[in-house]
Amino acid sequence: MKHETQALHLAKMMQKHTSYPTYELTLPLVTVRSNKLKKLSVDDILLIGIDTLEFLLVDGDTICANTRLKPMENAHGAEISYLKKDTIREFDSKKYKALKISFGTVQSKALEIGAKIDITHLDLEKVTLVSEDKMIAEGSLVNVDEEIAIQIKKVN
């Protein structure tokens, strides 16, 4: 029993210790009407206008790379397909807001084209919706008429 407790404690300590840079795994940014975001409620479906799962690696307000799903030994991982340094721009419009759809954080040893990133610890069906650095809702990915959409599970 004592050994199990020590092993669990060591595992928690190692998870807090990051040996590689961390990035947020997100879908491409989506522009949504402000009044639609304010009226979000549980079980709403938010159409985001994409039909393939391509991800971004984001560090703060900087988009660092584009990634895509790649099969990796009994699971899926992400492979860097394009490197870029671009800042996330907030809209000056009162009508529209930029919406970041986040899956969580991942670590990458190096940002280079073809590098594989382990995403097995992430649940790719669960997402967090962030606007203006505030979490506004949580949801899950759903398929609506061959397009990817988000079903809202919790509104903050």
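Relevant structure appears above.
Residues numbered from 1 in each chain as written. Predicted model: local features only at pLDDT ≥ 70, side-chain atom pairs only at ≥ 80, totals over all residues. Heavy atoms only, no water.

K.L.:
An account of the overall build of the protein chain is needed here, citing residue identities and associated values.
P.N.:
Summing up its helical and strand segments, the protein chain has two helices and 11 strands in all. If you line up the protein chain on its principal axes, its C-alpha atoms span 55 × 40 × 30 Å. Here the protein chain, with 156 residues, has 34% of them falling under the buried criterion. Put simply, 62% of the contacts in the protein chain that link residues at least 6 apart link residues at least 24 apart. Surface accessibility of the protein chain: about 10400 Å² in total, with carbon and sulfur atoms responsible for 50%. Measuring between centres, the 22 positive side-chain charges of the protein chain sit 6 Å from its 23 negative side-chain charges. (Helix = DSSP H or I, 4+ residues; strand = E, 2+ residues; numbered from the N terminus. Buried < 20%, exposed > 50% of the residue type's maximum accessible area, 1.4 Å probe, protein only. Contact = heavy atoms within 4.5 Å. Areas by Shrake-Rupley, 256 points an atom, 1.4 Å probe, with all protein chains shown as cover. Lys, Arg positive; Asp, Glu negative; His and termini not counted. Charge placed at Lys NZ, Arg CZ, Asp CG, Glu CD.)

K.L.:
Lay out the nonpolar core in plain terms, naming residues and giving numbers.
P.N.:
Counting 32 residues, the largest nonpolar core has Ile 48, Leu 99, Ile 101, Leu 129 and Ile 150 as its most contacted members. Ranked by residues supplied to this core, first place goes to strand β7 (residues 96–107) with four residues. (Core = buried A, V, L, I, M, F, W, Y, C linked by side-chain atoms within 4.5 Å.)

K.L.:
I'd like to hear about the environment of Thr 120, residue by residue, with values.
P.N.:
Mapped onto the secondary structure, Thr 120 falls in the loop between β8 (116–118) and β9 (126–131). Between the alpha carbons of Thr 120 and Met 72 there is a distance of 9.8 Å; along the sequence they are 48 residues apart. Discounting residues that sit within four places of it in the chain, Thr 120 has contacts with Ala 75 and His 76. Within the structure, the side chain of Thr 120 is placed 2.7 Å from the side chain of Asp 118, a separation counted as a polar contact. (Polar contact = N/O pair within 3.5 Å; in protein donor to acceptor, adjacent residues only side chain to side chain.)

K.L.:
How would you summarise the pairing of strand β2 (residues 30–33) if you had to cite specific residues and measurements?
P.N.:
In β2, alternate side chains face the same way, and those of Val 30 and Val 32 are buried while those of Thr 31 and Arg 33 on the opposite face are not. Pairing geometry for β2 and β7, over four bridges, is antiparallel. Among the inter-strand pairings, Thr 31 is bridged to a residue of β7, identified as Ala 98. (Pairing = 2+ DSSP bridges.)

K.L.:
Mind laying out a negative patch on the surface, listing which residues take part and the relevant values?
P.N.:
Side chains of Asp 51, Asp 145, Glu 146 and Glu 147 sit close together on the surface and give a patch of like negative charge. Along the chain, Asp 51 turns up in the loop between β3 (45–50) and β4 (54–59). (Patch = residues over 30% accessible without salt bridge, like charges linked within 9 Å, V, L, I, M, F, W, Y side chains within 5 Å. Salt bridge = Lys/Arg side-chain N within 4 Å of Asp/Glu carboxyl O.)

K.L.:
Talk me through the side chain of Glu 24; I want residue IDs and the actual numbers.
P.N.:
Tracing the backbone shows Glu 24 in strand β1 (residues 22–26). Looking at Glu 24, its side chain comes within polar contact range of the side chain of Ser 102, at 2.6 Å. The residues contacting Glu 24, other than those within four sequence positions of it, are Leu 56, Leu 57, Val 58, Lys 100, Ser 102, Gly 104 and Thr 105.

K.L.:
So what's going on with a positive patch on the surface? Which residues, and what values?
P.N.:
On the surface, Arg 33, Lys 36, Lys 39 and Lys 95 cluster together to form a positively charged patch. Position of Lys 36 among the secondary structure elements: in helix α2 (residues 34–38).

Worth remembering: the numbers are spatial, not functional.
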